[in-house]
Amino acid sequence: MATGSLEGRSVIVTGGGTGIGSACARLAAAEGALVTICGRRPGPLEATAEAVRGAGGQIQTVVADVTDEADVARLVAVAAEFGGGLHGVVANAGGGGGLAPYHQQDVGEFERVLHLNLVGTLLCIKHSVARLAEAGGGSFVGMSSIAGHVTHPYFGPYPVAKAGIESMIKNAADEYGSAQVRFNALQPGFIATEVMAGIERGGPVWQSYVDQTPLGDVGQPEDVAQVVRFLLSHESRWITGQTIAVDGGHSLRRGPDYSSFVRHPHLGPDGPA
């Protein structure tokens, strides 16, 4: 890793209080970036900020909801003021919903997950791209998932949302290339974060991930953060419109087995039971 690869760059990380977002923020700050993290809960944001400041990094926190356009516009403005412009965005905020087959999906919950992942990413693009262009070009990193590429039964809207992010990133890369703004996405596989803590270590779901991963383990948030750091830096200046899997090779095989988490759907002659 090139020490100081983000020196003096202003970077936003959404969902920066926990998991992958926190790891991205901590590494970016360690590499010299002026980091702005956002999230809906101040507690996790401040915990990450304290860790960064304790290591000598520069960071600020903004309580914001990426599905609220006014919040996103405010976030970008505050980050640009803090960093003297804006050079990078990591649109990490997102999430899934309850596990259920499609014929049992709640439409309101389906829409909520699409809104959080897809519209949240759109708003980050909409309000940051002019700032990135003003800085002479910049890097936008969208957070997809292995679920956007490999089937994840019972995940409902989540795979749909993540596939949509990948499509949006490709189109944005084409639209804004002339402004020297780059867009790429990542597909993390099973990463040991707080979100995945509900999966019993060594249990059937956990084991289904490991069994389908050529490297035979689960990833850490820092594994994703290292790739994000590269995409934010000048080292990746000739990379845009790409989606990169960070999954230990899991996407070479099949998705995880969550059947133990749901009642197996039965489709009889008269329709869903």
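A short tour of the structure in this document, coming up.

Reading guide: rules and limits
- Residues numbered from 1 in each chain as written.
- Predicted model: local features only at pLDDT ≥ 70, side-chain atom pairs only at ≥ 80, totals over all residues.
- Heavy atoms only, no water.
- Helix = DSSP H or I, 4+ residues; strand = E, 2+ residues; numbered from the N terminus.
- Rg over C-alpha atoms; globule rule 2.2 N^0.38 Å.
- Buried < 20%, exposed > 50% of the residue type's maximum accessible area, 1.4 Å probe, protein only.
- Contact = heavy atoms within 4.5 Å.
- Areas by Shrake-Rupley, 256 points an atom, 1.4 Å probe, with all protein chains shown as cover.
- Lys, Arg positive; Asp, Glu negative; His and termini not counted.
- Charge placed at Lys NZ, Arg CZ, Asp CG, Glu CD.
- Phe/Tyr/Trp six-rings, centres within 6.5 Å; stacked < 30°, edge-to-face > 60°.
- Axes fitted to C-alpha atoms, helices over the stretch in contact; angles between N-to-C directions.
- Parallel < 35°, antiparallel > 145°, perpendicular 65-115°, else oblique.
- Left-handed = near helix turned anticlockwise from the far one by under 90°.
- Nonpolar A, V, L, I, M, F, W, Y, C, P; charged D, E, K, R; others polar.
- Pairing = 2+ DSSP bridges.
- Right-handed = clockwise from strand over helix to strand, strands pointing away.

## Observations concerning the overall build of the protein
Part 1 of the reasoning: Summing up its helical and strand segments, the protein has 7 helices and 9 strands in all.
Part 2 of the reasoning: Relative to the compact-globule value of 19 Å for 273 residues, the protein shows a C-alpha radius of gyration of 19 Å, a close match.
Part 3 of the reasoning: Referenced to the eigenvectors of the C-alpha coordinate spread, the extents of the protein come out at roughly 65 × 35 × 35 Å.
Part 4 of the reasoning: Across the 273 residues that make up the protein, the buried fraction comes to 51%.
Part 5 of the reasoning: The long-range fraction of contacts in the protein, counting pairs at least 24 apart against all pairs at least 6 apart in sequence, stands at 73%.
Part 6 of the reasoning: For the protein, the exposed surface amounts to about 12,200 Å²; the carbon and sulfur share of it is 52%.
Part 7 of the reasoning: Charge-centre separation for the protein: the mean point of 18 positive side chains lies 3 Å from the mean point of 26 negative side chains.

## Side note on the packing of aromatic side chains
Part 1 of the reasoning: Under the definition given, this model contains 8 aromatic pairs.
Part 2 of the reasoning: With a centroid separation of 6.0 Å and an interplanar angle of 90 degrees, the aromatic rings of Tyr209 and Tyr258 are classed as edge-to-face. Of this pair, Tyr209 sits in helix 6 (residues 204–211) while Tyr258 sits in the loop between strand 7 (243–246) and strand 8 (267–268), and the two are 49 residues apart along the sequence.
Part 3 of the reasoning: What makes Tyr209 buried here is its relative accessible area of 4%.
Part 4 of the reasoning: Both rings, one in Tyr258 and one in Phe261, keep their centres 5.4 Å apart while their planes meet at 75 degrees; by these two values the pair is edge-to-face.

## So, unusual backbone geometry
Part 1 of the reasoning: The backbone of Tyr154 shows a phi angle near 80 degrees, a positive value even though the residue is not glycine.
Part 2 of the reasoning: Along the polypeptide, Tyr154 turns up in the loop between strand 5 (138–143) and helix 5 (157–176).
Part 3 of the reasoning: The class for Tyr154 is buried, based on a relative accessible area of 15%.
Part 4 of the reasoning: Positive phi values are uncommon outside glycine, yet Gln180 reaches one of about 65 degrees.

## A few points about the packing of helix 1 (residues 19–30) against helix 2 (residues 42–54)
Part 1 of the reasoning: For the pair helix 1 and helix 2, interaxial distance at closest approach is 10 Å and the crossing angle is 20 degrees. Overall, the two elements helix 1 and helix 2 adopt an arrangement that is roughly parallel. The crossing of helix 1 and helix 2 is right-handed. On helix 2, the residues that touch Ser22, Ala25, Arg26 and Ala29 of helix 1 are Thr48, Ala51 and Val52.
Part 2 of the reasoning: Here the residues of the contact of helix 1 with helix 2 are counted per class, giving 4 nonpolar, 2 polar and 1 charged.

## Focus on the pairing of strand 5
Part 1 of the reasoning: Judged by how many residues are buried, strand 5 sits mostly within the fold: 6 of 6 residues are covered.
Part 2 of the reasoning: Here strand 5 shows two buried faces, one formed by Gly138, Phe140 and Gly142 and the other by Ser139, Val141 and Met143.
Part 3 of the reasoning: Across 4 bridges, the pairing between strand 4 (residues 88–91) and strand 5 is parallel. Bridge assignment links Val90 to a residue of strand 5, and that residue is Val141.
Part 4 of the reasoning: Taken together, strand 4, helix 4 (residues 107–134) and strand 5 form a β-α-β motif whose crossover is right-handed.
Part 5 of the reasoning: Here strand 5 pairs with strand 6 (residues 181–188) via 6 bridges, running parallel.

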